[in-house]
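Analysis of the macromolecular model
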Amino acid sequence: MSDSEDMTEFASIVERIERGEVPIKNIERELICPICKELFTHPLILPCQHSVCHKCVRELLMLNHEDSFDAGSECSLPGSPRSRVPSPSMERLDRLVRSGSISSPGWRRGSVTPRVTTIPCPGCQHDIDLGERGISMLFRNFTLESIVERYRQAARAAVAIMCNICKPPQLQEATKSCMDCKASYCNECFKLHHPWGTPKAQHEYVGPTTNFRPKVLMCPEHEMEKVNMYCEVCKRPVCHLCKLGGSHANHKVTSMSSAYKILKEKLAKSIHYLISKEDQVRIQITDLELLINQTEENGQLAERQANEHFERLFETLQERKSEMLRSIEQSRNRRLDQLKSQVEEYQGMLENSGLVGYAQEVLKETDQSCFVQTAKQLHVRIQKATESLRTFHPSADPCFDEFVLDTSREETLLKEICFGGVPDPPLIDLSQSRVYNEATICWRLSDDHLPTDHHMLEYRRLGGPSQSPSQEDGEDSGVWRATDRVYGPSTVVCDLEPDSLYSFRVRSCRNSMFSPYSPEVTFHTPPAPAFGFLFSDKCGFSTERLILNKRRDTVESVAGMAFLLAAERVQTGSYIALDYIIGDTGISQGRHYWAFKVEPQSYMVKVGVASDSKLLEWFHNPRDTSSPRYDHDSGHDSGSEDTCYELSQPFTLLTLGMGKLFIPKSSSSSSVSTATAPAGDPGNRVLPMPQRLGVCLDYDACRVYFYDADTMRCLYERQVDCSGTMYPAFGLMGSGKVQLEEFITAKRLTF
């Protein structure tokens, strides 16, 4: 579609809005402040492009730092014991803020309290830093103000705007409003205050309104400058001073007219697309309304079913409860009867009562035959009472242990009743996961917003260096192994085989219900265990041109202060030397692997290994570096350096720069092999720079290998003289940056 067609289309859309085909009352939801839920009043545009009322921004700042705000401020929090003072006009507020008469909320003059101007955006929930000038840096959204004012007028069409000049009782209805005078006039008063032939006759006037906005948008940072450019980085209008020396100096800007045309065309196309899809939108609204009804019905059905299930559970528990209470009562009554009978029996043993009293009366019998007849049975009873007295045992146990319930298993089952359904599977994060001889696997949780109890990571070995994934490789090949329960979004898997393919998958568990497995992700382990080291600032480190961070895992090359101080005498630009830095830990045996990142825009970075014995000789016996025989290999030449020079160097390095990797040309003194095409063609020796580069040193075999650390593809290998202790080595020329992998530095940083 051509530009003329686009503008014609936009004009037709504007005409539809002006003709009222799109009623302004239908857009009320777009005119509501997300904080106060009322129509916008003096809306300000936040850096995230959302709009908020001026008073709401101030109250947000006060909400975060009320204790540091002056008690006599003109604003108060809603519900505060301080009375709320009506906000003055926007113009007066702007003048007060710009002149310094008042400060941004959260800070007052002469206070030691830090000035904090960060608020959460109610639209996108991101923290918004308003900068040093606070809310005075924000633009007013005049377009939104105008739309809100038109909406207000449409809502109160019966309420007329009166002339600001007429005095009662001759008060007349206004017919015009002057945007320069910021007042409304009837016809007579307008002619009187804007006489023909005077400068006031040139004032801009519109229909009656109460919304007077400036004719020209001024820069909030440079108060006297008009905005005439648009910053494409910050997405906001700026003035020429902002571009020359302000906060937008290094940002890409475009002219206001160009930005106006582009944004207007984009908006026109978007509006046209929405209008053309009106039938589709109506169908989708119908579908959504149907879904709302179905959701309501299904929710009520699920609620009824849940009630029924729990009612059945309650009934079962109530039955069991009643049965158990009945058994306890029966047992208690039986035991009480037995114990009471025993008490009565023992009471009979007391003197003058019961059995003893009866026996005493029998002893008074003098007739022998009658005594013998009665005493025999009585003696048996007395013997039994005597025996029970000697071996006292209660007739019933007062303990009810058989009725003590262990409901822990049932409680666990009840707690594990799942109400949230099956959780969604997590996704393994390739950008955060790293695999060496140990694997750090990270994953992202699903967006169902329901918490999970734990995660289970499983992994299996697919094959070694000489096998395909389909081939058998021992007992554990292809068998999934699971880690222990993981309660976070990452875990570490130890003891992985070198130079092998491993597949990983993870699933989540909620209420004893497992999610499906995540898609399998395959990683290739390095050919040797990871070698841990940090950068050393001892051996040949140039403190002027190399910047080492505090963790000593990142080094950056800069021009250097001496070079900048002599800049006025510099007429040609040329980097004349490499600045070297080595690791703080050496290798004297075995195979070791390390990985790192090189800034893609680095001018020249060399990576590899260095021998300590040759380093000592190199530093203590300097050569004539001005001789062409000892020029450093830039990696861009044909590789025709002298053999003696190559042997004398303590470094074996591979060159990277400007987003490329340069394979050296083979020489007679070394055995070289590459994973690329034949080296005779220079074009075949230039490869794209990998995002991560790996180096493997086989000390015993005297060979060094260079890998693409993401795919573990060997890019280049060569013979190396492993005399003495070997160190990881790096050389930087011009602007450049090297950062070690976190796993490589983790073990060293713990000490």
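Keep in mind the model is a prediction, meaning the values are calculated, not measured. (Residues numbered from 1 in each chain as written. Predicted model: local features only at pLDDT ≥ 70, side-chain atom pairs only at ≥ 80, totals over all residues. Heavy atoms only, no water.)

1. Here we look at the overall build of the protein chain
Quick note on the threshold: Each helix corresponds to a stretch of at least 4 residues labelled H or I by DSSP, and each strand to a stretch of at least 2 residues labelled E; elements are numbered beginning at the N terminus. Relative accessibility under 20% of the residue-type maximum defines a buried residue, over 50% an exposed one, and the middle range a partly exposed one, all with a 1.4 Å probe and only protein chains included. In these tables, accessible area is a Shrake-Rupley quantity obtained with a 1.4 Å probe, and a residue counts as shielded only by the protein chains included in the view.
A tally of regular secondary structure across the protein chain gives 15 helices and 34 strands. A burial count over the protein chain gives 34% of its 751 residues as buried. By element, 53% of the accessible surface of the protein chain is carried by carbon and sulfur atoms, the whole surface being about 45500 Å².

2. A word on the sheet that holds strand S23 (residues 579-582)
The test is simple: When DSSP locates at least two bridges between a pair of strands, those strands are taken to pair. To define axes, lines are fitted to C-alpha atoms, for helices over the stretch in contact only, and angles between the resulting N-to-C directions are given on a 0 to 180 degree scale.
The six strands lie next to each other as S23-S33-S25-S26-S27-S29, forming an open sheet whose pairing is antiparallel. Across the chains shown, the open sheet's two edge strands, defined by having one partner strand only, are S23 and strand S29 (686-688). Ignoring strand direction, the axes of neighbouring strands in this sheet form an average angle of 25 degrees. Where strand S27 (residues 660-662) and S29 come together, three bridges link them in antiparallel fashion. Across the sheet, residue Lys660 finds its bridge partner in S29, namely Pro688.

3. Considerations on helix H7 (residues 256-276)
Inclusion rule: Any helix carries an expected span of 1.5 Å times its number of residues minus one.
Given a rise of 1.5 Å per residue, 21 residues ought to cover 30 Å, and the 30 Å separating the end C-alpha atoms of H7 matches this to within 8%. Residues Ala259, Glu265 and Ala268 constitute the buried set of H7.

4. A few points about helix H9 (residues 354-363)
What counts, and what does not: A contact between two residues is defined here by any heavy atoms of the two lying within 4.5 Å.
Among all positions in H9, only Leu355, Gly357, Ala359 and Val362 are buried. Against helix H10 (368-390) lie the buried residues of H9.

5. Quick notes on unusual backbone geometry
Residue Lys182 is not a glycine yet carries a positive backbone phi of 55 degrees. Take Lys182: it is sitting in the loop between strand S6 (176-178) and strand S7 (183-185). If you check the backbone angles, Arg552 has positive phi at about 60 degrees while not being a glycine. When you line up the elements, Arg552 lands in the loop between strand S21 (546-548) and strand S22 (554-557). With relative accessibility at 26%, the residue Arg552 sits in the partly exposed group.

6. Comments concerning the packing of aromatic side chains
Convention followed: Note on aromatic pairs: the rings of Phe, Tyr and Trp (six-membered ring only in Trp) are paired at centre separations within 6.5 Å, and the planes decide the class, stacked below 30 degrees, edge-to-face beyond 60, tilted for the rest. Each ring is checked for a lysine NZ or an arginine CZ that lies within 6 Å of its centre and within 35 degrees of its normal; such an atom marks a charge sitting over the ring.
A complete count under the given rule lists 15 aromatic pairs for this structure. Their ring planes at 25 degrees and their centres at 6.0 Å tell us that Tyr459 and Phe504 sit as a pair that is stacked. You can see Tyr459 sitting in strand S15 (residues 454-463) and its partner Phe504 sitting in strand S18 (residues 501-510), a full 45 residues away along the chain. The pair Tyr459 / Phe504 is uniform in exposure class, with both members buried. Seen in terms of ring centroids, Phe596 and Phe730 are 5.2 Å apart; in terms of plane orientation they differ by 85 degrees. Their pairing is edge-to-face. A residue pair is termed long-range when its members are at least 10 positions apart, and Phe596 in strand S24 (residues 591-598) and Phe730 in strand S33 (residues 726-733) qualify at 134 residues. It is Arg505 that lies over the ring of Tyr517; its NZ or CZ is 3.7 Å from the centre.

7. Considering the pairing of S33
Among the eight residues that make up S33, seven are buried, leaving the element largely enclosed by the rest of the structure. Inspection of the sheet shows strand S25 (residues 604-611) paired to S33 by eight bridges, in the antiparallel sense. In the sheet register, Val609 faces S33, and the bridge partner there is Pro728.

8. Describing the pattern of salt bridges
This is how the line gets drawn: Within this document, salt bridges are pairs made up of a side-chain nitrogen of Lys or Arg and a carboxyl oxygen of Asp or Glu, the two lying within 4 Å of each other.
Under the defined criterion, the tally for this structure stands at 17 salt bridges. Of the charged contacts in the structure, one is a salt bridge between Arg409 and Glu410, with a shortest N-O distance of 3.4 Å. Glu410 gets classed as partly exposed once you look at its relative accessible area, which sits at 35%. Residue Arg591 is joined to Asp698 by a salt bridge in which the shortest nitrogen-to-oxygen separation is 3.0 Å. Residue Arg591 is located in strand S24, and its partner Asp698 is located in strand S30 (residues 693-698); the two are separated by 107 residues in the primary sequence.

9. So, the side chain of Ser602
Tracing the chain through its elements places Ser602 in the loop between S24 and S25. Relative accessible area serves as the criterion here: at 1%, Ser602 is assigned to the buried category. Apart from residues no more than four positions distant in its own chain, Ser602 is found in contact with Gly657, Met658, Ser735, Gly736 and Lys737.

10. A short note on a nonpolar patch on the surface
Rule in force here: For patch building, the residue pool is restricted to those with more than 30% relative accessible area and no salt bridge; the joining distance is 9 Å between like charges and 5 Å between nonpolar side chains (Val, Leu, Ile, Met, Phe, Trp, Tyr).
Judged by side-chain polarity, Leu313, Phe314, Leu317 and Leu414 come together as a nonpolar surface patch covering roughly 390 Å² of accessible area. Take the nonpolar patch: its biggest share by element is three residues, from helix H8 (residues 278-347). Along the chain, the position of Leu313 falls in helix H8. Looking at Leu313, the relative accessible area reads 36%, which means it is partly exposed.

11. Looking at the nonpolar core
Rules: We call a set of buried residues a nonpolar core when its members are Ala, Val, Leu, Ile, Met, Phe, Trp, Tyr or Cys and they connect through side-chain atoms within 4.5 Å of each other.
Membership of the largest hydrophobic core comes to 36 residues, with the highest contact counts inside it found for Ile581, Trp594, Phe596, Val607, Leu697, Phe730 and Val738. Residue contacts for Val738: discarding those within four places in its chain leaves Phe535, Asp553, Thr554, Val555, Phe596, Lys597, Val598, Val605, Phe730 and Leu732. Among the nonpolar cores identified, the runner-up in size contains 21 residues, and Leu39, Phe40, Ile135 and Leu144 belong to it.

12. Overview of the sheet that holds strand S1 (residues 43-45)
On the basis of which strands lie adjacent, the open sheet formed by three strands has the order S2-S1-S5 and antiparallel pairing. Looking at strand neighbours, the two that pair on one side only are strand S2 (51-53) and strand S5 (139-140), the edges of this open sheet. Where S1 lies against S2, three bridges are found, and the strand directions are antiparallel. Opposite Ile45, over in S2, you have Ser51 as the bridge partner.

13. Structural notes on the confidence of the model for the protein chain
Stated formally: Confidence of the prediction at every residue is given by pLDDT, a number between 0 and 100.
In the predicted model, the protein chain carries a mean pLDDT of 75, and the fraction of residues at 70 or more is 72%. Taking the mean pLDDT of every element in the protein chain, the minimum, 42, falls on helix H3 (residues 90-99) and the maximum, 93, on S30.

14. Description of the side chain of Gln342
Position of Gln342 among the secondary structure elements: in helix H8. The class of Gln342 is buried, set by a relative accessible area of 13%.

15. A few points about the state of the cysteines
In protein structure, a disulfide is the covalent linkage between the sulfur atoms of two cysteines. The test is simple: In plain terms, two cysteine sulfur atoms within 2.5 Å form what is called a disulfide here.
For the structure shown, the criterion picks out zero disulfides. With no disulfide of its own, Cys53 has Cys33 as its nearest cysteine by sulfur position, at a separation of 3.7 Å. Free cysteine Cys231: the closest other cysteine sulfur is in Cys234, separated by 3.9 Å. According to the relative accessible area criterion, Cys231 is buried, its value standing at 0%.

16. Quick notes on the environment of Tyr358
Within the secondary structure layout, Tyr358 lies in helix H9. For Tyr358, a relative accessible area of 42% translates into the label partly exposed. Here the alpha-carbon distance between Tyr358 and Leu378, two residues 20 residues apart in the chain, equals 8.9 Å. If we skip the residues at most four places from it in the chain, Tyr358 touches Thr374 and Leu378.

17. Considering the packing of H9 against H10
Let me state the cut-off plainly: Throughout this description, any angle smaller than 35 degrees is read as roughly parallel, any larger than 145 degrees as roughly antiparallel, any in the 65 to 115 degree range as roughly perpendicular, and the remainder as oblique. Crossings are classed by handedness, with left-handed meaning an anticlockwise turn of the near helix from the far one by less than a right angle and right-handed meaning a clockwise turn.
Direction vectors running N to C along H9 and H10 enclose 150 degrees, while the axes themselves pass 11 Å from each other. If you check the angle between H9 and H10, you find them roughly antiparallel. Crossing handedness for the pair H9 and H10: left-handed. Where H9 approaches H10, its residues Leu355, Tyr358, Ala359, Val362 and Leu363 are matched on the opposing element by Phe371, Thr374, Leu378, Arg381, Ile382 and Ala385.

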